[in-house]
Amino acid sequence: MTIEYVLVIAYLVGCIGIGLLASRKVLISRDEYWVAGRRIGTIMNAMAIMAALASGGSIIGVMGYAYSKGIPYTLALFAGAVLGFPLASILVAKPLRNFGKFTITDFLVFRFPHPLVRYLVPVVIIVSFTVYIIAQMKAAGITVEFLLGIEYKWAVTISTVIFILYVSIGGMLAITWTDVIQGALMLCVVIGTALIMMFREGSPIAIMEMASAHVPALGQVAHQPLASYLGSFVIWAAAIPVIPHIVMRVFTAKDAHGARISLNVAMILYSLMILAAVFTIVPVGKIHYPDLRDADKIFLQVMQQEFPPIVRGLAVAAVLAAVMSTTDALLLACSSAISHDLLGKYVQKKLSEKAGNYLNIGIAWIIGLVAMYLAYSPPPLITQFYSAAIGLLTAALFIPVMAGLWWKKANLAGGIASLVVGVVVYLFFQFSPWMPPLSAILIALPASALAMGIGGYSGKPGEPAIIEAMTKLHRD
Amino acid sequence: MSNFFPMPSGDRWFLLTIIIFSIISFLPWTQKIHVAGMALFGWLMAALMIFSPAIALIRLIRHRVSNRGEQK
């Protein structure tokens, strides 16, 4: 156990050290704190985006999901996320980077200037991201508990305090630096493990054939109604272009073209990692350990039973890296939703930039500790749990953002109607007993689009100044 | 006058292609055919994961190269 502890402690101390180093630079201004001064290079940004998306869900959750629901169902969800990146690079990267503010709320309030937009958007972000953070904390907790033997609640508490510490003091710069290291660690561990599996068991196709002979359901499309497959695909494909912690990465890029390249490089790396996991580690795990009670523990089971301590130590560090690299970005986005979007107009203007950044630190701690408390009673199947929360965000923001960016007739009435209808319809169908899991989005998105269309054609046209400003955002 | 802000035609075609590919992937026949132990649907999703960002990246790099050529 000593080697595992040394590796994990070295990793955690490194993260805090980076936060402290970054804090010297970022606490001087809001631009530095929220978007790292808008000068992150293309490759560094790509690695940071990959790490931000590759959460605990992308290591622990993806394998648990594939183990429990089959590989096709899992790939439908993750292919949606990957597809979202080319969509983001075409639909939002250039105009939002040219817009040059901090958050997605800034854009929506500019396009649809109304108090309801100002307050409802950050509330939706905070609710969705808190659920997302809780799922990440479960991934950290069960990993540390399973592989290091520390009690679940203590594992959650320790990892939470450490990542809140470096996010709150280091802002976006600390997140970017740590994300690059964490992304590299995740890729090495997952792809390295997959290569070892291939060396032992054969090619991914041979492994799949062997696994499907033992457990045919692993490769079948039979676990859920088709609406559930389609819903999980649509949630993530539509979420990525509007999800705040990814959009903030667009704002950190040096220019719009660099932002677009970063998004696509990130997704190639992410896809390689997910495919390596589901085509090698999951099938081998399903053959050797077919009856796990908690499917999310399949990667940990494989690590514990089949690899030496040094690899197990790296695996714990990699899962913590995955959790932290997403949670830190979520925490920063959540924190910005409160201190910049909700309080910015009233509080931040009265505070110096430095005092404002100390307020951000306090808010990051409050959100993190609330999520930590809720994570003490963890949900089953984390990927399904946080995907449902991201569905709420998608239902609320996708149509207003896309119509706002691309449709000249999008106006205040349409913006408000599509936002409210998206939220209400999604919540109604998400909690309806007759809807298959993750399928509420298939009704909520068209309803939101319809509301935008009715508002756009029947309401007062948008201000000419706003349309003129939008035209400028689309120029090179 | 169009009601939409202009989008480069290459981007439009790329969007249309990946949307059509996604729709084809979800048609019922892809779920019944099995290749190497998995439904064709799963393989198409895997292909989408690799090819959609790879093609988008190639297009962006070509665009950057041609822009530099024009500037020279």
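Treat the numbers as computed from the prediction; the structure is a model and nothing was measured. (Residues numbered from 1 in each chain as written. Chains lettered and ligands numbered in written order. Predicted model: local features only at pLDDT ≥ 70, side-chain atom pairs only at ≥ 80, totals over all residues. Heavy atoms only, no water.)

### Examining the overall build of chain A
Quick note on the threshold: Helix and strand assignments follow DSSP, with helices taken as H or I runs no shorter than four residues and strands as E runs no shorter than two, numbered in order from the N terminus. The cut-offs for exposure are 20% and 50% of the maximum accessible area for each residue type, with area from a 1.4 Å probe on protein chains only; residues under the lower value are buried, those over the upper are exposed, and the others partly exposed. Contacts between residues were defined by any pair of non-hydrogen atoms, one from each residue, lying within 4.5 Å. Reported accessibility uses the Shrake-Rupley method at a 1.4 Å probe radius. Residues are deemed covered only where the shown protein chains occlude them.
Scanning chain A from N- to C-terminus turns up 20 helices and 0 strands. Counting across all 476 residues of chain A, residues that qualify as buried make up 66%. Within chain A, contacts between residues at least 6 apart in sequence are counted, and of these 86% link residues at least 24 apart. In the structure as shown, chain A presents an accessible area of about 15,400 Å², 70% of it carried by carbon and sulfur atoms.

### Re the overall build of chain B
The test is simple: What the globule rule says is 2.2 Å times the number of residues to the power 0.38, and the radius of gyration is computed from C-alpha atoms.
The helix and strand inventory of chain B stands at 3 helices and 2 strands. Ordering the α and β elements of chain B from the N terminus gives α-α-β-β-α. Against the 2.2 N^0.38 benchmark of 11 Å for 72 residues, chain B shows a C-alpha radius of gyration of 17 Å, more extended than a compact globule. Viewed in the frame of its principal axes, chain B has a C-alpha envelope of about 55 × 35 × 10 Å. Burial status across chain B gives 40% buried among its 72 residues.

### Observations concerning unusual backbone geometry
Of note, the phi angle at L438(A) is positive, near 65°, even though the residue is not glycine. The residue L438(A) is located in the loop between α18 (412–430) and α19 (441–458) in this model. On the accessibility criterion, L438(A) (2% relative accessible area) is buried. For A36(B), which is not glycine, the phi dihedral falls at a positive 50°. Here A36(B) is to be found in the loop between β1 (34–35) and β2 (38–39).

### Regarding the pattern of salt bridges
Our working rule: Salt bridges are identified by distance alone: a Lys or Arg side-chain nitrogen within 4 Å of an Asp or Glu carboxyl oxygen.
Taken as a whole and judged by the stated rule, the model has 4 salt bridges over all chains. Between D294(A) and K138(A) there is a salt bridge, with its nearest N and O atoms 3.9 Å apart. Of this pair, D294(A) sits in the loop between α13 (256–288) and α14 (298–306) while K138(A) sits in helix α8 (residues 115–148); the two residues are 156 residues apart in sequence, bridging distant segments of the chain. We note a salt bridge from R59(B) to D11(B), for which the minimum N-O separation is 2.9 Å. Taken together, the residues span a long stretch of sequence, with R59(B) in helix α3 (residues 40–71) and D11(B) in helix α1 (residues 9–25) at a distance of 48 residues. Among the residues examined, R59(B) registers a relative accessible area of 28% and is labelled partly exposed. What you see here is one network of salt bridges that share partners, running through K138(A), D294(A) and D296(A).

### Points about the interface of chain B and chain A
Filter applied, for reference: Here the quantity called buried area is the accessible surface, traced with a 1.4 Å probe, that two parts lose on coming together, added over both. Polar contact criterion, stated in full: a pair of N or O atoms within 3.5 Å, where within protein one must be able to donate a hydrogen and the other to accept it, and residues adjacent in sequence count only if both atoms are side-chain atoms.
Between chain B and chain A, the contact holds 36 residues from the first and 46 residues from the second. Carbon and sulfur atoms make up 79% of the area that chain B and chain A hide from each other, which totals about 3,600 Å². Where chain B meets chain A, there are 0 salt bridges. Counting every contact that joins chain B to chain A gives 5 residue pairs in polar contact (both at pLDDT 80 or more).

### Points about the nonpolar core
Selection criterion: We call a set of buried residues a nonpolar core when its members are Ala, Val, Leu, Ile, Met, Phe, Trp, Tyr or Cys and they connect through side-chain atoms within 4.5 Å of each other.
One finds L75(A), F129(A), W236(A), F279(A), F299(A) and L397(A) to be the most contacted residues of the largest nonpolar core, which totals 184 residues. Of all the elements, helix α15 (residues 309–342) of chain A adds the most residues to this core, at 19 residues. Not counting residues up to four positions away in its chain, the partners in contact with F299(A) are I59(A), I60(A), M63(A), V189(A), I281(A), A315(A) and V319(A). The next biggest cluster of nonpolar side chains, apart from the first, holds 5 residues, and it includes A46(A), I261(A), V265(A) and L57(B).

### What to know about the packing of helix α7 (residues 104–111) of chain A against α8(A)
Residue and element names in this part refer to chain A. Applicable threshold: Throughout, an axis means a line fitted to C-alpha atoms (over the contacting stretch in the case of helices), and angles, computed between N-to-C directions, take values from 0 to 180 degrees. Throughout, the term roughly parallel applies to angles under 35 degrees, roughly antiparallel to angles over 145, roughly perpendicular to angles from 65 to 115, and oblique to all others. By definition, turning the near helix anticlockwise from the far helix through less than a right angle yields a left-handed crossing, and turning it clockwise yields a right-handed one.
Orientation of α7 relative to α8, taken along the N-to-C sense of each, is 155°, at an axis distance of 9 Å. As judged from the angle between their axes, α7 and α8 are roughly antiparallel. In the crossing of α7 with α8, the sense of the turn from one axis to the other is right-handed. Each of I104, T105, L108 and V109 in α7 lies in contact with α8, whose residues at this interface are V117, R118, V121, P122 and I125.

### Overview of a nonpolar patch on the surface
All names here are of chain B. Rules: Like-charged residues are merged into a patch within 9 Å and nonpolar side chains (Val, Leu, Ile, Met, Phe, Trp, Tyr) within 5 Å, provided each residue has over 30% relative accessible area and no salt bridge.
Together, W13, L16, I19, I20, I23, I24, L27, W29, I33 and V35 make up an exposed nonpolar region whose accessible area comes to about 930 Å². With 6 residues, the single largest contributor to the nonpolar patch is α1. Relative to the elements of secondary structure, V35 occurs in strand β1. The exposure class assigned to V35 is partly exposed, which follows from its relative accessible area of 39%.

### Section: the environment of A440(A)
Residue and element names in this part refer to chain A. Its place among the elements puts A440 in the loop between α18 and α19. Separated by 52 residues in the primary sequence, A440 and A388 have C-alpha atoms spaced 8.9 Å apart. In this view, A440 contacts Y426, F429, Q430 and M435; residues no more than four positions away in its chain are not counted.

### Some thoughts on the packing of α8(A) against α14(A)
Residue and element names in this part refer to chain A. Selection rule: Under this grouping Gly is polar, as are all residues other than the nonpolar Ala, Val, Leu, Ile, Met, Phe, Trp, Tyr, Cys and Pro and the charged Asp, Glu, Lys and Arg.
Between α8 and α14, the least distance of the axes is 10 Å, while the angle of their chain directions is 20°. In terms of axis orientation, α8 runs roughly parallel to α14. Here α8 and α14 pass one another in a crossing that is right-handed. Each of I142, T143, F146 and L147 in α8 lies in contact with α14, whose residues at this interface are L300, Q301, M303 and Q304. Along the lines of polarity and charge, the residues of the contact of α8 with α14 split into 5 nonpolar, 3 polar and no charged.

### Overview of the side chain of T130(A)
Considering the arrangement of structural elements, one finds T130(A) in helix α8. Once residues within four sequence positions are removed from consideration, T130(A) is found in contact with C334(A), A371(A) and L374(A).

### Some points on the confidence of the model for chain B
For clarity, the threshold we go by: Each residue gets a pLDDT score, which is the predictor's confidence in that residue and runs from 0 to 100.
Within chain B, residue pLDDT values average 87, and 92% of them lie at 70 or more. The ipTM, which scores confidence in the relative placement of chains, is 0.89 for this predicted complex, and the corresponding pTM is 0.83.

### A word on the environment of R200(A)
All names here are of chain A. Inspection of the secondary structure puts R200 in helix α9 (residues 152–201). The residues touching R200, leaving out its near neighbours within four places in the chain, are E306 and F307. Side-chain polar atoms of R200 contact the backbone oxygen of E306, separated by 3.1 Å.

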